There are 2 protein chains.
Amino acid sequence: MLADTPVESPCPPLLRRLRKFVDPGPDDLAALALLTRDRRQADAGTCLLREGDSGRAALLLCSGWAMRERSLPDGRRQIMEFLLPGDMCDPGSFVTRRADSSVLAITAVQYVRVAPDLLMDALRRAPGLGLCLWWMAAQHAALMRSHLLAVGRLDARERVAGLVWELARRLDLIADGPPRVYRMPLSQDLIADATGLSVVHVSRTLCGLEREGVLHRHGGSWQILSRRRLRALAKPGIDWPQALPESLRHGGSRVGTTDDTPC
Amino acid sequence: MLADTPVESPCPPLLRRLRKFVDPGPDDLAALALLTRDRRQADAGTCLLREGDSGRAALLLCSGWAMRERSLPDGRRQIMEFLLPGDMCDPGSFVTRRADSSVLAITAVQYVRVAPDLLMDALRRAPGLGLCLWWMAAQHAALMRSHLLAVGRLDARERVAGLVWELARRLDLIADGPPRVYRMPLSQDLIADATGLSVVHVSRTLCGLEREGVLHRHGGSWQILSRRRLRALAKPGIDWPQALPESLRHGGSRVGTTDDTPC
DNA sequence: CGGACTGTTGATCAAGGTCAACCTCTGTGG
DNA sequence: CCACAGAGGTTGACCTTGATCAACAGTCCG
């Protein structure tokens, strides 16, 4: 049985998230722990995965911040998402020939590189893990849709506020207690490329929000002064992330049926 | 064995796509056919899935066009994607409590509603089906990233050209021979909400492209006059979609290992 | 024939981009 | 200890893209 192999603490932020929303069984957790053998680290600015690469592997971010971006020959670029500790960065690459976007470390990071066959193996042994991945992928897709809505239809204030709100919420999820001050290693340059604005306008917008007493920045520390107003600005929030539906929870390795026979 | 249950032709466009890129085994195809029992149809304008709904089911579009959109209380909306015949519209809803976006029929459509346990069952019996879904999800995610790049960093001409280019390519994939004239039931209103532009500006942009001899419209028929120039405008194309990597193909029900024992 | 819907065109306006100067840190080397 | 460089941030002036408003032209349909 997988359940009693020695478990070296794999990735606390991820576990915290999964426990809260998906409720994986002990076998699944053990299988997950086995995936995290190939630990690595990288300095800020390093490219963990380059657009066009064919080296197929999923990345699991354990500490630090990273981002996924796609850029054009002329220098324009769009940041697709910021990756926080506990984020699994596309297992989709397994079924794809070349990466369509790059992943860059924003700060120094620790991460795990998961090879395809390792994951496939784990999936076969602990089917509940598949559910976890599926859930993460679904949450991720919803987040991408929020970004698309933001960039396509919100104005500058809303986009910037939305980004700050999103990141604060995501940090809440992986911290044990929601902090009053958030550490966010974001240059305005990054915010601009994530929101589709220019650096200058991001500066203006942030100053505006600060002047109105919505938030306060100092160094890399962000404080949300008016949760209410920030949230109101960050429209597309819906309730995110959502827990796995009841019918699928408390199942451990069970995959969504009502009968109790394992596998 | 599933392989010899009678197969009522399920959804030709989907099969065409899968055969070309994923190469599913006979068991997988049979399992797929069994999923398509709950056939339905809907008129243009009908809402197939409403934002906030908790009814969890995947939709498989068999004929006609649909779209996924998300809208704000004040009327702004963003179209996330257009759904063409053969598109599977988020099996992600299975692991989610409420839909974060709506799916609307653009034309009259035929579609299949796949219930969660039906799919879960099929996945257990024909594991290769999981690979198909995984592949589709990965392609879909890449497409969403293209949209995000477009809306965030491309100008109006590039966005509109990009959309036309994308749709033409996708139509090619599900047709047997690439047509010289594409039927696209797109009002400029839809194009606007998909590209994050205003209707008026879409009109101007399209007229511009037409004046320059890049494309030609008449009624719902679109003709690409200069493939080269349209493609050049539609930057973010990468090569999409990508076939499944060799190591995973020709596997039928095998899931990415080299040994031949089934399951 | 009249209305609804979609597309086109012109005039005007505003959100946000661009360019450039300047400022504040922080770290580095003399 | 100071001088300096470089990165990131702020501010102002000006310009451009695309939004908005409004009028009008086709087309479809009862």
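Below, the structure is looked at part by part. On a predicted model such as this, the values are computed, not experimentally measured, just so you know.

Conventions adopted
Residues numbered from 1 in each chain as written. Chains lettered and ligands numbered in written order. Predicted model: local features only at pLDDT ≥ 70, side-chain atom pairs only at ≥ 80, totals over all residues. Heavy atoms only, no water. Core = buried A, V, L, I, M, F, W, Y, C linked by side-chain atoms within 4.5 Å. Buried < 20%, exposed > 50% of the residue type's maximum accessible area, 1.4 Å probe, protein only. Contact = heavy atoms within 4.5 Å. Axes fitted to C-alpha atoms, helices over the stretch in contact; angles between N-to-C directions. Helix = DSSP H or I, 4+ residues; strand = E, 2+ residues; numbered from the N terminus. Parallel < 35°, antiparallel > 145°, perpendicular 65-115°, else oblique. Left-handed = near helix turned anticlockwise from the far one by under 90°. Pairing = 2+ DSSP bridges.

1. Notes on the nonpolar core
Residues Leu18, Val95 and Trp135 of chain A together with Leu18, Val95 and Trp135 of chain B are the most contacted members of the largest nonpolar core, which totals 67 residues. Leave out the neighbours within four places in its chain, and Leu18 of chain A touches Asp23, Pro24, Leu32, Cys132, Trp135 and Met136 of chain A.

2. As for the packing of helix H5 (residues 156–174) of chain B against helix H6 (residues 188–195) of chain B
Residues and elements named next belong to chain B. The N-to-C vectors of H5 and H6 enclose an angle of 110 degrees; their axes lie 10 Å apart at closest approach. With respect to H6, the element H5 is oriented roughly perpendicular. Relative to H6, H5 is oriented so that their crossing is right-handed. For the pair H5 and H6, contact is made by Arg159, Val160 and Leu163 and by Ile191, Ala194 and Thr195, respectively.

3. Brief notes about the sheet that holds strand S9 (residues 181–183) of chain A
All names here are of chain A. Reading across from one edge, S9-S11-S10 is the order of the three strands in this open sheet, with antiparallel pairing throughout. On the outer flanks of this sheet lie S9 and strand S10 (215–218), each paired with one strand and no other. Here the strands of the sheet are splayed against their neighbours by 25 degrees on average, with no regard to which way each runs. The sheet contact formed by S10 and strand S11 (residues 221–224) spans four bridges and is antiparallel. Across the sheet, the residue bridging to Arg217 is Trp222, located in S11. Helix H7 (residues 199–211) contacts S10 and S11 of the sheet and is inclined by roughly 120 degrees relative to S10.

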